[in-house]
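Close look at the chain arrangement
Residues per chain, in single letters:
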Amino acid sequence: QVQLVESGGGLAQPGGSLRLSCAASGSILKLLTMAWYRQAPGNERELVATMTSGDTTNYADSVKGRFTISRDNAKNTVYLQMNSLKPEDTAVYYCNADVLDLFLRRRGYWGQGTQVNVSS
C-alpha cells in the first residue's frame with residue numbers, strides 16, 4: 001500500500017505565495033508521473049500540474065507562469081510552489097501519484113487534500 005500526505009495549505013492574500021508538499025510512503029519501487037489537482041466548491045476536480053519521472057512538466061493554462069511543480073525523488077516528495085495567487089485559486093488541492101510498487105503493480109493514488117484559501 002502507498003500513502004500520500006499533503007501539507008502546506010492555508011490562507012494567503014492575493015499576490016501572495018504558498019508551497020504545497022506531498023510525501024509518498026509505503027511499498028514504492030518507483031514514482032512515475034506525479035501531479036497536483038484542485039477542486040473548488042461546486043466545480044469538478046481539475047488538473048493543475050504534472051511532472052513525469054523524466055522531469056517533463058505540464059501546467060493548466062490558468063496557472064502557467066505562476067505555479068511551479070518540482071519533485072525530490074530521494075524523499076519521494078512532490079512540491080507545488082504557488083506564486084501570484086488569485087482568489088480563483090481557492091480550492092482543495094490534491095496530490096496524485098502514478099506508482100510502480102514493490103510487487104511491480106502500477107496504480108494511481110490520491111492524497112487526502114489540503115485547503116488553499118486566497119483572500120484579503
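Let me sum up the structure you'll find in this document. Along every chain, residues carry numbers that run from 1 in the direction the sequence is written. Note on the predicted model: pLDDT of at least 70 is required for a residue's local features to be given, and 80 or more for side-chain atom pairs to be given and counted; whole-chain, interface and lining totals, by contrast, use all residues. Heavy atoms from the whole structure form the basis of all side-chain values; hydrogens and water molecules are not counted.

Examining the overall build of the protein
Threshold: Labels follow the DSSP assignment, with helices taken as runs of H or I lasting at least four residues and strands as runs of E lasting at least two, numbered in each case from the N terminus. Atoms counted for the radius of gyration: C-alpha only. Globule rule: 2.2 Å times the number of residues to the power 0.38. Partly exposed residues are those whose accessible area sits between 20% and 50% of the maximum for their type, while under 20% is buried and over 50% is exposed, using a 1.4 Å probe and protein chains only.
A tally of helices and strands in the protein yields 0 helices and 11 strands. Going residue by residue from the N terminus, the α and β elements of the protein occur as β-β-β-β-β-β-β-β-β-β-β. Against the compact-globule benchmark of 14 Å for 120 residues, the protein has a radius of gyration of 14 Å, which places it among compact chains. For the protein, the C-alpha atoms occupy an extent of roughly 50 × 25 × 25 Å along the three principal directions. Buried residues in the protein amount to 42% of all 120 residues.

As for the environment of Thr 77
Selection criterion: What makes two residues a contact is simply this: any of their non-hydrogen atoms within 4.5 Å. By the criterion applied in these results, polar contacts are pairs of N or O atoms within 3.5 Å in which, for protein atoms, one can donate a hydrogen and the other can accept it, and in which residues neighboring in sequence qualify only through two side-chain atoms.
Counting through the fold element by element, Thr 77 comes out in strand S8 (residues 77-82). Assessed through its relative accessible area of 9%, Thr 77 is described here as buried. C-alpha of Thr 77 to C-alpha of Cys 22: the two residues are 55 residues apart in sequence and 5.4 Å apart in space. Discounting residues that sit within four places of it in the chain, Thr 77 has contacts with Ser 21, Cys 22, Ala 23, Ser 70, Arg 71 and Asp 72. Engagement of the side chain of Thr 77 in a polar contact is seen with the backbone oxygen of Lys 75, the distance being 2.9 Å.

Examining the sheet that holds strand S3 (residues 18-26)
Inclusion rule: Strands qualify as paired when DSSP identifies two bridges or more between them. Structural elements are reduced to axes, namely lines fitted to C-alpha atoms, with helices fitted over the stretch in contact, and the angle between N-to-C directions of any two is expressed from 0 to 180 degrees.
Within the open sheet, the 4 strands sit side by side as S1-S3-S8-S7. Their pairing is antiparallel. The sheet terminates laterally at strand S1 (2-7) and strand S7 (67-72), the two strands that pair on one side only. Between one strand axis and the next, the sheet turns by 15 degrees as a mean value, whatever way the strands run. The pairing of S7 with S8 spans 6 bridges and is antiparallel. Each bridged residue has a counterpart across the sheet, and for Thr 68 the counterpart in S8 is Gln 81.

Considering the nonpolar core
Just so we agree on the cut-off: Put simply, a nonpolar core is a bunch of buried Ala, Val, Leu, Ile, Met, Phe, Trp, Tyr and Cys residues held in one set by side-chain atoms that sit within 4.5 Å of each other.
Within the largest apolar cluster, 31 residues are counted, with the highest numbers of intra-cluster contacts made by Trp 36, Leu 80, Met 82 and Tyr 93. A per-element tally of this core places strand S9 (residues 91-101) first, with 5 residues. Not counting the four nearest positions on each side in its chain, Met 82 is found in contact with Gly 16, Ser 17, Leu 18, Leu 20, Arg 66, Phe 67, Tyr 93 and Val 116.

What to know about the packing of aromatic side chains
So the rule is basically this: Pairing of aromatic side chains here covers Phe, Tyr and the six-membered ring of Trp, requires ring centres within 6.5 Å, and sorts the geometry by plane angle: under 30 degrees stacked, over 60 edge-to-face, intermediate tilted. Only lysine NZ and arginine CZ atoms are considered, and such an atom sits over a ring when it is within 6 Å of the ring centre and within 35 degrees of the ring normal.
Evaluated as defined, the whole model comprises 2 aromatic pairs. Look at Tyr 94 and Trp 110: their rings are 6.5 Å apart centre to centre, the planes differ by 85 degrees, and that puts the pair in the edge-to-face class. Highlighted residues: Tyr 94 in strand S9 and Trp 110 in strand S10 (residues 106-110), separated in sequence by 16 residues. Each member of the aromatic cluster is reached from another via a ring pair, and the members are Tyr 37, Tyr 94 and Trp 110. Between Arg 19 and the ring centre of Tyr 79, over which it is positioned, the NZ or CZ distance is 4.0 Å. In this arrangement the basic side chain of Arg 45 is found over the ring face of Tyr 94, its NZ or CZ atom lying 3.7 Å from the centre.

Some words on a nonpolar patch on the surface
Here is the rule we go by: What makes a patch is a set of residues exposed beyond 30% relative accessible area and free of salt bridges, joined within 9 Å when like-charged and within 5 Å when nonpolar (Val, Leu, Ile, Met, Phe, Trp, Tyr). To measure how exposed things are, a 1.4 Å probe is used in the Shrake-Rupley method; for residues, cover is taken only from the protein chains shown. Each salt bridge in this description consists of a side-chain nitrogen of Lys or Arg and a carboxyl oxygen of Asp or Glu lying within 4 Å of one another.
Among the surface-exposed residues, Leu 29, Leu 102, Phe 103 and Leu 104 lie close enough to one another that they form a single nonpolar patch of about 460 Å² accessible area. Tracing the sequence through the fold places Leu 29 in strand S4 (residues 28-39).

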